[in-house]
Amino acid sequence: MLDDHSRLARAVHQPALVRLHRALSRLQSVLTVMNTGAHPDDEINGMLAALRFAYGMRVVVACSTRGEGGQNALGPERGGVLGVLRTAEMEEAARRIDVDVAWLGHGPDDPVHDFGFSKNGDDTLRRWGEERIVERLVRAYRKYQPDIVIPTFLDVPGQHGHHRAMTRAAEKAFVMAADPTAFPEHAKLGLQPWQISKFYLPAWSGAGYAYDDEAPPPPETLSLQVAGRDDVTGLAYRQLGEWSRAAHASQGMGVWRDNPVDRWSLHLKLRAGGPAEPESDIRNHLPTNLADLAATSGLAGAAAAALREAQEHIGTAIAAFPNRERIGRELAQAAHLIEEAKKNSDDERSDQIVHRLDRKLREIDAVLFELQAHARAVFKGACHPGAKVALDVHIHASGLKDITVVPRLPIGMDAVERLSGAGHVEYAITIPKSVSHTGNYPEAFDPIGGNGEVGVIVSAQVGERTIRVDLDPEEPLRIDPSQSLVLDPITVIRKIGDDASSIWIKAVGAEPEGWQAPDGWTVRKDCADWIIDLPQQASAGVSTLVPFVDGRPASQVQTIAYPHIRPTSFVTPAELKILTLDVALPESARIGYIGGGSDNVGAHMRRLGLDVTDLGEAELKAGSLSEYTTIVVGIFAFGLRRDLKAATTRLHRFVEGGGHLVTLYHRPTDAWDPDHTPPRRLAIGTPSLRWRVTDPSAPVTVLQPESPLLTYPNRIEPADWQGWDKERGLYFASDYDPAYEELLSLSDPGESPLKGSLVSARIGRGRHTHVALVLHHQIDKLVPGAFRLLANLVQPA
């Protein structure tokens, strides 16, 4: 539940006049455009802002994955929990420009997921299942009924394989969505074949610091150029789009653009019922508003006249802003005329117009409610199977009559009204014991409302019209486990040859009633702690111990809260993982760790038994760096910590004086200056697609087999490169001072070898080693070889 300050802040940042203006702007058009992409942040935000606010179109973003295989510039979340964070970011980005989101993939357990960078569309479609992703797109087309579909990227070599796969699937689904024989099972979902009118491709290259389109873009057939600026903010639409993109903060998105030009080049590839020819307007050959709909749909007589008159009233209402009384009167009349047109429409044409009229009525109801009412719904109490929670609804509506409030609940969940007064009603809701926990990944987002499994249906009388809105609660109802268990630690590293000492574990938040442990392991209680007794000869590998709570495997509920998103949570199994491996540690190593918050390397080094100190601003500014034999800089840290950038000269002196500086992978955009950030020139390759190895099993050739970094204290063997996850590395060094020695050579199948994944230089009495291998990810995945290599890399110079 929001606290008072958060509730006040949300209200102040969503002024009533802005809400009303945005709601009115939806009424300008009867068209829907869908933008398809593979990841949160793939959407063309500036263009979508223009289509939504300047043209009044309904905009839908169809996204195939949650971005769980990507990077995170904010914190340590990766994998499934990163997918939850990026889902919340996508919803916030959509909220800022008032667009829908249709999710096609549902997290890492779904075949359609972000499995990491792909250089090949064919491989992506094999992994996702081509028929599966096409079916999901066809389903989205039939549900949202877009008139226009625009993929963000081109299907060309040099582009991300996920992007290529989505563009290819979007075009195939364009044809199949209109075919009654394609996926007839959709009829059981109430979906019918739908003919999209136009399919555009971007007529610009997707090349940049990440991608390298090898083929030129198709010729421009439409210049989508918008005159003027957004009425509410005064921003150009590209700038407004950047405000939307800034919600993707985990990806470092959102930049200020001086003198932006609101122009986008498009290529019309497919057009239903006509040739794909050059156009002057994206709305050519389409009904723009209700009056156009009356003229083009074949309606005759009363229905067509009613739509033309309704459009006049809508135009008058928009022009009357901010006169609330005039707006309400005009829209009530427009709604009445639209209802009359529905009654008199030709059944043969109904599939082409009724969904547009229903959408317009819903949008009008939203405006009428905004004009007359202020409402909020709040859940109180812990939500878990078997719990009782309160739903508190407050409505202040002087202009509404006959107000009714009905909770929208899933089957099996009941609500009992227990308190009712002027503008206030409270319900008691019982959550069945057998109910499933809320999933980590919502299926859709609608800026008008109706999100989540539970909401509030408000009906009221405005003049002669009964309006109906589906009110979202301040925070969605999430049914989580009744008890959340946090284990400390959650990961233990045990070296083969160490004494078989016991492991002490703290259980926080819930009390395990028992454990599932491998054969030969015992778990016992000692006061407030749990003690794990290991067998004398524990075998190498990962062992998983599972605590039980309430007769089932325990779960941990992790809250994800950043200032730019609405708080959400992630439910994951509460498990203890113990990695037993053959590893030696370098003697006398004293390590200073400079983290940017985007990896867990410091914690893993401690678990390994290394002497590690976190270096903060004070230590970097004035501390004695000579106390350390090795300083490790975490991923992205130069871009995330200004104090680190300011300490560059001190780090260079540390190396010259005999220290070992180890920099983990950085992007060119992470304040990495090739000539000044490292002790000697070292440039990071762009576009990154050309300087990465995405196959985690790609063969590794050791170029300097006797290098101390590969022989001490552990001799790195072929087995150490086995079991890697997701990819080998990215943002390899591309150009560097001759002092740097290339230690490894590797490549994806069929590509030229890359030698910038691990380079090291003797500088003065010290050493600088740059690591573009994704070691941080491999040690999170408890890959033994990654720990052995890390132990070598942190040795004194």
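Residues numbered from 1 in each chain as written. Predicted model: local features only at pLDDT ≥ 70, side-chain atom pairs only at ≥ 80, totals over all residues. Heavy atoms only, no water.

J.: Looking at this structure, how should I read the overall build of the chain?
T.: A tally of regular secondary structure across the chain gives 20 helices and 37 strands. In terms of overall size, the chain behaves like a compact globule, its C-alpha atoms giving a radius of gyration of 29 Å where 797 residues would be expected to give roughly 28 Å. For the chain, the proportion of its 797 residues judged to be buried stands at 56%. In the chain, the proportion of contacts linking residues at least 24 apart, taken out of those at least 6 apart, comes to 74%. Positive and negative side-chain charges in the chain, numbering 85 and 103 respectively, have mean positions lying 2 Å apart. (Helix = DSSP H or I, 4+ residues; strand = E, 2+ residues; numbered from the N terminus. Rg over C-alpha atoms; globule rule 2.2 N^0.38 Å. Buried < 20%, exposed > 50% of the residue type's maximum accessible area, 1.4 Å probe, protein only. Contact = heavy atoms within 4.5 Å. Lys, Arg positive; Asp, Glu negative; His and termini not counted. Charge placed at Lys NZ, Arg CZ, Asp CG, Glu CD.)

J.: Looking at this model, I keep getting lost on the side chain of S688. Mind explaining?
T.: Take S688: it is sitting in the loop between β31 (682-684) and β32 (700-702). Side-chain polar atoms of S688 contact the backbone oxygen of A210, separated by 3.3 Å. What S688 contacts, discounting residues up to four positions off in sequence, is Y209, A210 and Y731. (Polar contact = N/O pair within 3.5 Å; in protein donor to acceptor, adjacent residues only side chain to side chain.)

J.: Explanation requested: the side chain of R78 in the structure shown.
T.: Relative to the helices and strands, R78 is located in the loop between β2 (58-63) and α4 (80-97). Of the residues examined, R78 reaches a relative accessible area of 14% and is grouped as buried. Polar contacts involving the side chain of R78 include one to the main-chain carbonyl oxygen of S598, which spans 2.8 Å. Excluding residues that lie within four positions of it along the chain, R78 makes contacts with S598, D599, N600, H776, H777 and D780.

J.: What am I meant to see in unusual backbone geometry here?
T.: Along the chain, D488 connects to P489 via a cis peptide bond; the corresponding omega equals 0 degrees. Turning to its location among the elements, P489 is positioned in the loop between β16 (486-488) and β17 (491-495). Put simply, Y712 and P713 share a cis peptide bond, and its omega is -5 degrees. Mapped onto the elements of the fold, P713 is located in the loop between α18 (708-711) and β33 (733-736). If you check the backbone angles, S588 has positive phi at about 65 degrees while not being a glycine. Look at S588 and you get exposed, because its relative accessible area is 57%. Even without being a glycine, A671 presents a positive backbone phi close to 55 degrees. Position of A671 among the secondary structure elements: in the loop between β30 (660-664) and β31. The exposure class assigned to A671 is partly exposed, which follows from its relative accessible area of 31%.

J.: Please clarify how the pairing of strand β6 (residues 222-225) should be interpreted in this entry.
T.: Of the two faces of β6, only one is covered, namely that formed by L222 and L224; the face formed by S223 and Q225 stays uncovered. Sheet analysis places β6 next to strand β7 (residues 263-271), joined by 4 bridges and oriented antiparallel. Looking across to β7, one finds that L224 is bridged to W264. (Pairing = 2+ DSSP bridges.)

J.: Even after reading the chapter, I still don't get the packing of aromatic side chains, so can you show me in this structure?
T.: The relative placement of two aromatic rings is captured by the distance of their centres and the angle of their planes. With the rule as written, the count across this model stands at 9 aromatic pairs. Consider the rings of W721 and W724, whose centres lie 5.4 Å apart with planes at 40 degrees: the pair is tilted. Of the residues examined, W721 reaches a relative accessible area of 8% and is grouped as buried. The ring centre of F53 lies 3.8 Å from the NZ or CZ of R22, which sits over that ring. (Phe/Tyr/Trp six-rings, centres within 6.5 Å; stacked < 30°, edge-to-face > 60°. Lys NZ or Arg CZ within 6 Å of the ring centre and 35° of its normal.)

J.: Help me understand the environment of T466 in this model?
T.: Looking at where T466 falls in the secondary structure, it is placed in strand β15 (residues 465-471). Assessed through its relative accessible area of 47%, T466 is described here as partly exposed. Separated by 253 residues in the primary sequence, T466 and D213 have C-alpha atoms spaced 54 Å apart. Those residues in contact with T466 that lie beyond four places of it in its chain are D365, A460 and Q461. In terms of polar contacts, T466 uses its side chain to reach the side chain of Q461, at 2.7 Å.

J.: Mind showing me how you'd approach empty space enclosed by the protein here?
T.: The probe, sized like a water molecule, is rolled over the atoms to show the empty space still left. As enumerated under the stated definition, the model contains 3 cavities of 30 Å³ or more in all. In this structure, the largest cavity encloses a volume near 90 Å³. Along its surface, the largest cavity is lined by 14 residues, and Q71, R78, Y665, K726 and H776 are the ones closest to its centre. Empty space within the second largest cavity amounts to approximately 50 Å³. Lining the second largest cavity are R26, R52, M57, R58, V59, D98, V99, D100, R359 and E363. Its residues assigned to classes, the lining of the second largest cavity comprises 3 nonpolar, no polar and 7 charged. (1 Å grid on protein atoms, 1.4 Å probe; cavity = no way out; pocket = protein on both sides within 12 Å on 5 of 7 lines; lining within 4 Å. Points joined across faces, edges and corners; volume = space filled by probe spheres on them. Nonpolar A, V, L, I, M, F, W, Y, C, P; charged D, E, K, R; others polar.)

J.: Explain the sheet that holds strand β4 (residues 148-151) here, please?
T.: Hydrogen bonds between backbone groups are what pair the strands of a sheet, and the pairing can be parallel or antiparallel. Read across the open sheet, the 8 strands follow the order β6-β7-β5-β4-β1-β2-β3-β13; overall the sheet is mixed. The sheet terminates laterally at β6 and β13 (444-445), the two strands that pair on one side only. Here strand β1 (residues 32-37) pairs with β2 via 6 bridges, running parallel. Across the sheet, G37 pairs through a bridge with C63, a residue of β2. Where helix α6 (residues 130-144) meets the sheet, its contacts fall on β1, β2, β3 (100-103), β4 and β13, and the angle it forms with β1 comes to roughly 160 degrees. (Axes fitted to C-alpha atoms, helices over the stretch in contact; angles between N-to-C directions.)

J.: How should I be thinking about α4 in this particular structure?
T.: Think of an α-helix as turning once every 3.6 residues; residues three or four places apart then point the same way. Here α4 spans 26 Å end to end across 18 residues, near enough to the 26 Å set by a 1.5 Å rise per residue. Counting buried residues in α4 gives 17 out of 18 residues, a clear majority hidden from the surface. Phi for D98, located one or two positions after α4, is positive at around 60 degrees. (Expected span 1.5 Å × (residues − 1).)

J.: Is there a simple way to explain the sheet that holds strand β14 (residues 455-462) in this structure?
T.: Across the sheet, 3 strands lie side by side as β10-β14-β15; this open sheet has antiparallel pairing. Every other strand in the sheet has two partners, leaving β10 (401-408) and β15 as the edge strands with one partner each. When the angles between neighbouring strand axes are averaged without regard to direction, this sheet yields 15 degrees. Sheet topology places β10 next to β14; 6 bridges connect them, and they run antiparallel. Opposite K401, over in β14, you have Q461 as the bridge partner.

J.: Even after reading the chapter, I still don't get the pattern of salt bridges, so can you show me in this structure?
T.: Side-chain pairing between opposite charges can occur once the charged atoms of the two side chains come close. By the definition in use, this model includes 55 salt bridges. Where D533 meets R524, a salt bridge forms, and the shortest distance between an N and an O atom there is 2.6 Å. Residue classification places R524 among the partly exposed residues on the basis of a relative accessible area of 38%. In this structure, the salt-bridge partner of R681 is D735, at a minimum N-O distance of 3.0 Å. Remark: D735 occurs in strand β33 and R681 occurs in the loop between β30 and β31; sequence separation between them is 54 residues. Accessibility expressed as a relative area gives 37% for D735, which makes it partly exposed. (Salt bridge = Lys/Arg side-chain N within 4 Å of Asp/Glu carboxyl O.)

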